[in-house]
Amino acid sequence: MLEARGVYKVFVARGRAGRRVMTALRDVNLGVRPGEFLTLVGPSGCGKSTVLNLFAGLTAASDGAVLHDGRPIRGINIRGGYVTQDDNLLPWRTTLANAEIALELKRVPRGERRDKALAYLERVGLKGFEHHYPHELSGGMRKRVSIVRTLVDESVNVILMDEPFGPLDAQTRLVLQDELLQLWQGSGRTIVFVTHDLVEAIALSDRIAIFTRAPGTIKEIREVPIPRPRDVFHIHEAPGFADIYDPLWNDLRAEITRGPEPSVG
Amino acid sequence: MAERTRSIWIDDRVPGREAEVLRREAAGAERRERGMRTIVAAWQILLLGALLAGWWGASGRIVDRLFLSDPVSIARAFWRMVVDGSLWFHLRYTLTETLLGYVLGASSGLLAAVGTWLVPGAAPALRPLVLLAYATPKIALAPLIILWFGIGIFPKVILAATFVFFVVYLNTMAGLGTVSGGLVNVVRVMGATPAAVFRKVVLPNAMPFVVAGLRMTIPAALIGAIVAEFISSNRGVGYLINAASSRYRTADVFAGIFGLLILVIGMNAGVSALERWWLPWVPRERSPLG
């Protein structure tokens, strides 16, 4: 599926005192299995989002290989879907037109793309809001549209989600986690999901990759032993929750409280 | 101990492979940046060169020299006017008009907007009047202004000011309207009086709009001054251009225009400096005018 082999990512910035370099990712090795829900967690600035950007082809690795189905990703990876923290809906398009845009860009005929978009919108309870503009929708509804517009494109076999539920309130967040699982289960699609929230990671994922603090590398990959289908609303009561939560938190806490890395400047 | 590589520092605790990647990327960034700088400089030279060469080539061949003159004659005319002091004599007059009109128009526009904003109901009450004034082509007022204020420097200043006033007024109004309720509420709960809210939050928040208005109106102020000079004047660059043009001295016309150009570029640099000084907190994208 997706694979990172010995990936380094280095950023070069021009500061007041000349050029500065910074290592964002250091020797990242990660294999995403077909059809799995993989979550990346780690402290702020550890490079989780950079990994997603590499998979999306939005940025190139400084060293190492990034592969999609065994082939190196060159340029934008249009077989991946990308859901960001902000909904990034186009303000001048209605719900339906926003949901259709990926298909429109891939020249799917009008009738077909309309049917597909409407079917997905109905699944997330947005029937009746097809002709509303983003500013007329609630935050949760906008997020649903932004997920739908990614899923609607069936040529996409991996969905990259960068803290998609970060800005939502706690209740809406749970509802959307549940909806995402429903949409994903049985779809055969792969999801790579970035979050800060360990409970969210446990509720959603098959596996969780924990990053070290910057420069980020993968510290540990843990399986989530909770069977599916899962009840996200009572996930902390699920058998095995504590068995996974405590070691995850220990991994993460060490990264949050550890002393500074050898600096690069 | 750290190792110095070109313009970057790499801590020697960084493992070898990573140091190599860092060095390679930094060198690549430097190379790309230098390449881009070279391309930009080449285009700038090419475009300016093409303009001058095209002008030179067209003049006398495609278009009568009488109408177009040519870069060399213009440079000569410009230099002659610099040496005999006539350029400075006229430029100084136009500069004075423009600056006075600009300062008058900008400060009255700013004050009027602040006044309108502070008095409840003033904005809607004034709206029809503002719309009428906005819709009036200011240039059509020029003959009237000269009729009212005579032929001295005063009507030029007034016309330049009208060109500046509305843009600054409308921009300031728009800027004052963009303040966020949250920002205001936070300082109100800290005990800010309405005056303090205005001085410490609303006005600073509007400043980028004010400065944008100031930048846009530099050439406008000059237009006001020049138009007034065209209509009635015995000095100033407008007069110089008008007089030269009626005697078919095209090179002198262009030399005058060139003088104005220097004036606008100078004023633009002035506003840029003002902006850096007033608004250090605005994240700065490079404006199309530098």
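Nothing here was measured: the structure is a model prediction, and the numbers come from that model.

Novice: Would you mind going over the overall build of chain A with me for this structure?
Specialist: The secondary structure content of chain A amounts to seven helices and ten strands. Relative to the globule expectation of 18 Å for 265 residues, the C-alpha radius of gyration of chain A, 19 Å, shows essentially globular dimensions. Overall, chain A is about 55 × 50 × 35 Å in size when its C-alpha atoms are taken along their principal axes. A buried classification covers 39% of the 265 residues belonging to chain A. The contacts in chain A between residues at least 6 apart in sequence include a share of 71% that link residues at least 24 apart.

Novice: I'm lost on the overall build of chain B in this one. Help?
Specialist: For chain B, the count of helices and strands is eleven helices and two strands. Helices and strands appear in chain B in the N-to-C order β-β-α-α-α-α-α-α-α-α-α-α-α. In terms of C-alpha radius of gyration, chain B reaches 26 Å, well past the compact-globule figure of 19 Å for 290 residues.

Novice: Where do I start with helix α7 (residues 241-257) of chain A in this structure?
Specialist: Think of an α-helix as turning once every 3.6 residues; residues three or four places apart then point the same way. Residues and elements named next belong to chain A. With 17 residues, α7 extends 24 Å between its outermost C-alpha atoms, agreeing within 8% with the 24 Å of an ideal straight helix rising 1.5 Å per residue. Restricting attention to buried positions, one finds in α7 the residues Ile244, Leu248 and Leu252. For α7, the angular spread of the buried residues around the axis is 45 degrees, confining them to a single face. Away from its buried face by more than 90 degrees, α7 exposes Ala242, Asp243, Asp246, Asn250, Arg253 and Thr257. Residues of α7 that are buried make contact with β3 (37-41), α6 (198-204), β9 (207-211) and β10 (218-223).

Novice: Explain the packing of helix α4 (residues 139-151) of chain A against helix α5 (residues 170-184) of chain A here, please?
Specialist: The description of two helices packed together rests on the angle between their axes and the distance between the axes. Residues and elements named next belong to chain A. Between α4 and α5, the least distance of the axes is 11 Å, while the angle of their chain directions is 20 degrees. With respect to α5, the axis of α4 lies roughly parallel. Crossing of α4 over α5 shows right-handed handedness. Two secondary-structure elements touch here, α4 through Gly139, Gly140, Lys143, Ile147 and Leu151 and α5 through Thr172, Leu176, Leu180 and Leu183. Its residues assigned to classes, the contact of α4 with α5 comprises five nonpolar, three polar and one charged.

Novice: Honestly, the environment of glutamine 85 of chain A in this entry has me stumped. Any pointers?
Specialist: All names here are of chain A. Residue position: glutamine 85 is located in the loop between β6 (80-83) and α2 (95-105). With 83 residues separating them in the primary sequence, glutamine 85 and leucine 168 have C-alpha atoms 9.6 Å apart. Non-local contacts of glutamine 85, meaning those with residues more than four positions away in its chain, are made with Asp162, Glu163, Pro164, Gly166 and Pro167.

Novice: What am I meant to see in helix α10 (residues 237-246) of chain B here?
Specialist: Residues and elements named next belong to chain B. All of the buried residues along α10 are Val237, Gly238, Leu240 and Ile241. Considered in projection along α10, the buried side chains sweep an arc of 160 degrees and stay on one side of the axis. Lining the buried residues of α10 we find α4 (86-118), α9 (194-231) and α11 (250-278).

Novice: Whenever I open this one, the nonpolar core confuses me. Can you help?
Specialist: What tends to happen in soluble globular proteins is that the nonpolar side chains get buried as a cluster. By size, the foremost hydrophobic cluster in this structure holds 68 residues, and its most contacted members are Val148 and Val192 of chain A. In terms of residues, this core owes the most to one element, strand β2 (residues 18-32) of chain A, which gives six residues. Not counting the four nearest positions on each side in its chain, valine 148 of chain A is found in contact with Ala99, Tyr120, Leu121 and Val124 of chain A. Within the second largest apolar cluster, 51 residues are counted, among which are Ile145, Val210, Ile226 and Leu240 of chain B.

Novice: What is the right way to look at the confidence of the model for chain B in this model?
Specialist: Caution applies to low-pLDDT parts of the model: their predicted coordinates are not meant to be read in detail. Residue and element names in this part refer to chain B. Confidence in the prediction for chain B averages 89 pLDDT; 95% of positions are at 70 or higher. Residue range residues 1-5 is modelled with pLDDT below 50. Its contacts to residues more than four positions away, or to other chains, number ten contacts. Scored by ipTM, the complex comes to 0.72, with pTM at 0.80.

Novice: Would you take a moment to explain the environment of glycine 125 of chain A for this structure?
Specialist: Residue and element names in this part refer to chain A. Mapping glycine 125 onto the fold places it in the loop between α3 (110-123) and α4. Accessibility expressed as a C-beta count within 10 Å gives 13 for glycine 125, which makes it partly exposed. A C-alpha to C-alpha distance of 10.0 Å links glycine 125 and glutamate 179, two positions 54 residues apart in sequence.

Novice: When you look at the sheet that holds β10 of chain A in this model, what are you seeing that I'm missing?
Specialist: Sheet strands pair by backbone hydrogen bonding; their relative direction is either parallel or antiparallel. All names here are of chain A. With mixed pairing, six strands are arranged side by side in an open sheet as β6-β7-β8-β3-β9-β10. Each edge of the sheet is formed by a strand with only one pairing partner; in this case those strands are β6 and β10. Sheet twist, expressed as the average angle between the axes of neighbouring strands with direction ignored, equals 15 degrees. Judged from the four bridges that link them, β3 and strand β8 (residues 190-194) form a sheet pairing that is parallel. In the sheet register, leucine 38 faces β8, and the bridge partner there is valine 192. The strands that α4 touches are β6 and β7 (158-162); relative to β6, the one it contacts most, it runs at about 175 degrees. Sheet strands touched by α7: β3, β9 and β10. Its angle to β10, the strand with the most contacts, is close to 175 degrees.

Thresholds, definitions, all that
- Residues numbered from 1 in each chain as written.
- Chains lettered and ligands numbered in written order.
- Predicted model: local features only at pLDDT ≥ 70, side-chain atom pairs only at ≥ 80, totals over all residues.
- Helix = DSSP H or I, 4+ residues; strand = E, 2+ residues; numbered from the N terminus.
- Rg over C-alpha atoms; globule rule 2.2 N^0.38 Å.
- Buried ≥ 20, exposed ≤ 12 C-beta atoms within 10 Å, placed from the backbone.
- Contact = placed C-beta atoms within 7 Å.
- Expected span 1.5 Å × (residues − 1).
- Arc of directions from axis to C-beta.
- Axes fitted to C-alpha atoms, helices over the stretch in contact; angles between N-to-C directions.
- Parallel < 35°, antiparallel > 145°, perpendicular 65-115°, else oblique.
- Left-handed = near helix turned anticlockwise from the far one by under 90°.
- Nonpolar A, V, L, I, M, F, W, Y, C, P; charged D, E, K, R; others polar.
- Core = buried A, V, L, I, M, F, W, Y, C linked by C-beta atoms within 7 Å.
- pLDDT = per-residue confidence, 0-100.
- Pairing = 2+ DSSP bridges.

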